[in-house]
Amino acid sequence: MSRRIFCTTSTMTVRSFSLDAVSLSKSYGRTRVFENVSFSIATGESAAFTGPNGSGKSTLCDIAAGIRRPGRGTISHYLNGAPLQGESLLRVTGLAAPRVNPYDELTGMENVRFAARARGADPLTAAPLFEFFGLARHRDKLLRHYSSGMRQRLKLILSVLHDPALLILDEPGANLDDEGRWKLAEFIELIRARTALIIATNDRDEAALCSSEVRLD
Amino acid sequence: MIEAILANIAKDFRIEFRRRFAVNVALSFAAITTLAVSLTAGGARLETRTHALLFWIIIFFSAMNGLSHVFTREEEEGTALFLRTTSPELAVFTAKLVFNMAVMAVIAAAVVPLYVFFLNVEIASPGRFALVACAGSAAIASSTTALGAIVARAGGRGSLFTIISFPVVLPPLWVSIKATQSSIAGGGAAQSIVFLLAFSGALVAVSYMLFGHIWIEE
């Protein structure tokens, strides 16, 4: 199933990704969001970011994805031993979050095609993903006509269509029905062996999908 | 990178084609202002300097209505983070620059015939006049694209964009007014056109160097 979803060829590239975060701190003005957070994650491993509302889970996700700078501390990403940053990091990272919104004026497929081209991925990889997440019938509808659950499924597709080495899911079960949550759990099992996975959540069931936990207070 | 740039350009133009917000706002402002000026002039014969001034006032404020939209829309509709996670920052900037150049081209293409027709301007060097309009419009687009990103991040609306753009746009605006006056009167404008193109190039280069610091979140 994993090969069919991601590859049109018979081989899948072996890869080794690692992320090392040391003493990360973040403040906005005088408001400290979190302080002295350290963690490491590699291919095949998973970590849950947990904590109360406002503890900085989403901010930490952004820092892990390389789209936000930490206030203090260092974070390093490596793929097969080579350091990643900027565009090279962007190409191997997938992020699905409530704050990551695709374009309402584009259809589901147009959003996917745009994201694939921008990341240098093959848009054809999206077809089995649309089938898997139950959006095949809706892919040519404008996003403004999607329900909240359909939007969430599309966000998951957009985050994984380029077979990322690092996948960050911020509240992935939000707005999903029981079938959607089941599909999400199934999908995570399919990809976890070749992906470094981070899930930011307050849901204990989602946190249980990960092998380790980073608790923010 | 080329593919990412093309993807962003296609995306921006597709969205604008379906919404037509930026172009409609800018063209509406340009048309209404031109008509208002022509009615106020009442057929009076204006000096070339006055024509040049009025022409570029219309272009400038039409641009201010349309050029900030390209980044403001991303922040207001919550698509900016999606863009940050899918596209390299330089691809985003290049696409937005191309889009703003196109908006300015549409504004200039609309204002030039409207202005010439309604104010009954006799242009001694139409070719030079058109070149100055193109070069000046490009300079405005080049110098304001990165500023649009700053304004969008600051949560600002149209007035803030105009305020912070004016000092940057003033030099090419001044040169464009002088060159337009000269082309209407039949004089030369080559040096001014070269200045405007060089200004565009310099501002684009500076914008490329700074855009990464504007775009990535702190």
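Located above this text is the structure these notes cover.
Residues numbered from 1 in each chain as written. Chains lettered and ligands numbered in written order. Predicted model: local features only at pLDDT ≥ 70, side-chain atom pairs only at ≥ 80, totals over all residues. Heavy atoms only, no water.

Counted at 1.5 Å a residue, the expected span for helix α9 (residues 190-215) of chain B with its 26 residues is 38 Å, and the 36 Å between its end C-alpha atoms agrees. All buried positions along α9(B) are accounted for by B:Ser192, B:Ile193, B:Leu196, B:Phe199, B:Ser200, B:Leu203, B:Val204, B:Ser207, B:Phe211, B:Gly212, B:Ile214 and B:Trp215. (Helix = DSSP H or I, 4+ residues; strand = E, 2+ residues; numbered from the N terminus. Expected span 1.5 Å × (residues − 1). Buried < 20%, exposed > 50% of the residue type's maximum accessible area, 1.4 Å probe, protein only.)

Turning to the sheet that holds strand β1 (residues 17-28) of chain A, a few remarks are in order. Residue and element names in this part refer to chain A. Taken in spatial order, the 4 strands of this open sheet run β2-β1-β4-β5, and their pairing is antiparallel. Two strands lie at the open edges of the sheet, namely β2 (31-42) and β5 (82-84), each paired on one side alone. Each neighbouring strand pair of the sheet contributes to a mean axis angle of 25°, computed without reference to strand direction. Sheet analysis places strand β4 (residues 72-79) next to β5, joined by 3 bridges and oriented antiparallel. (Pairing = 2+ DSSP bridges. Axes fitted to C-alpha atoms, helices over the stretch in contact; angles between N-to-C directions.)

A few words on the nonpolar core. Ranked by internal contacts, the top residues of the largest apolar core, which has 130 residues, are A:Phe17, A:Phe39, A:Leu60, A:Val112, A:Leu169, B:Ile59 and B:Ile140. If one sorts the elements of this core by residue count, helix α7 (residues 126-153) of chain B sits on top with 12 residues. Apart from residues no more than four positions distant in its own chain, B:Ile140 is found in contact with B:Trp56, B:Ile59, B:Ala63, B:Met64, B:Leu67, B:Met104, B:Val169 and B:Leu173. (Core = buried A, V, L, I, M, F, W, Y, C linked by side-chain atoms within 4.5 Å. Contact = heavy atoms within 4.5 Å.)

Turning our eyes to something else, we now look at the packing of helix α3 (residues 48-66) of chain B against α7(B). All names here are of chain B. At a closest axis distance of 11 Å, the pairing of α3 and α7 adopts a crossing angle of 35°. Read as a crossing pair, α3 and α7 show a hand that is right-handed. Residue-level inspection shows Phe55, Trp56, Ile59, Ala63 and Met64 of α3 in contact with α7, the latter providing Phe129, Val132, Ala133, Gly136, Ser137, Ile140 and Thr144. Across the contact of α3 with α7, the residue classes break down as 9 nonpolar, 3 polar and no charged. (Left-handed = near helix turned anticlockwise from the far one by under 90°. Nonpolar A, V, L, I, M, F, W, Y, C, P; charged D, E, K, R; others polar.)

This part is about unusual backbone geometry. Residues and elements named next belong to chain A. If you check the backbone angles, Glu171 has positive phi at about 50° while not being a glycine. Structurally, Glu171 is set in the loop between β7 (166-170) and α7 (178-191). Taking relative accessible area as the criterion, Glu171 reaches 34% and is therefore assigned partly exposed.

The next thing to look at is the sheet that holds strand β8 (residues 196-200) of chain A. Residues and elements named next belong to chain A. Taking strand neighbours across the sheet as the criterion, the 5 strands line up as β6-β7-β8-β3-β9 in an open arrangement whose pairing is parallel. Looking at which strands have only one partner, the edges of the open sheet turn out to be β6 (93-96) and β9 (212-215). Direction aside, the axes of adjacent strands within the sheet are offset by 15° on average. Pairing analysis gives 5 bridges linking β7 to β8, with the strands arranged parallel. Across the sheet, the residue bridging to Ile168 is Ile198, located in β8.

We now examine the interface of chain A and chain B. The partner chain B presents 29 residues to the 27 residues of chain A that form the contact. Taken as a group, A:Arg69, A:Tyr103 and A:Arg117 account for 26% of the area that chain A buries against chain B, more than any other trio of residues on that side. Here chain A and chain B share 4 salt bridges between them. Between B:Arg19 and A:Glu105 there is a salt bridge, with its nearest N and O atoms 3.1 Å apart. Across the chain A-chain B interface, the total number found is 8 residue pairs in polar contact (both at pLDDT 80 or more). Going through the elements one at a time, β1, α3 (87-92) and α4 (108-119) of chain A are the ones with two or more residues in the side of chain A that touches chain B. (Buried area = accessible area lost by both parts, 1.4 Å probe. Salt bridge = Lys/Arg side-chain N within 4 Å of Asp/Glu carboxyl O. Polar contact = N/O pair within 3.5 Å; in protein donor to acceptor, adjacent residues only side chain to side chain.)

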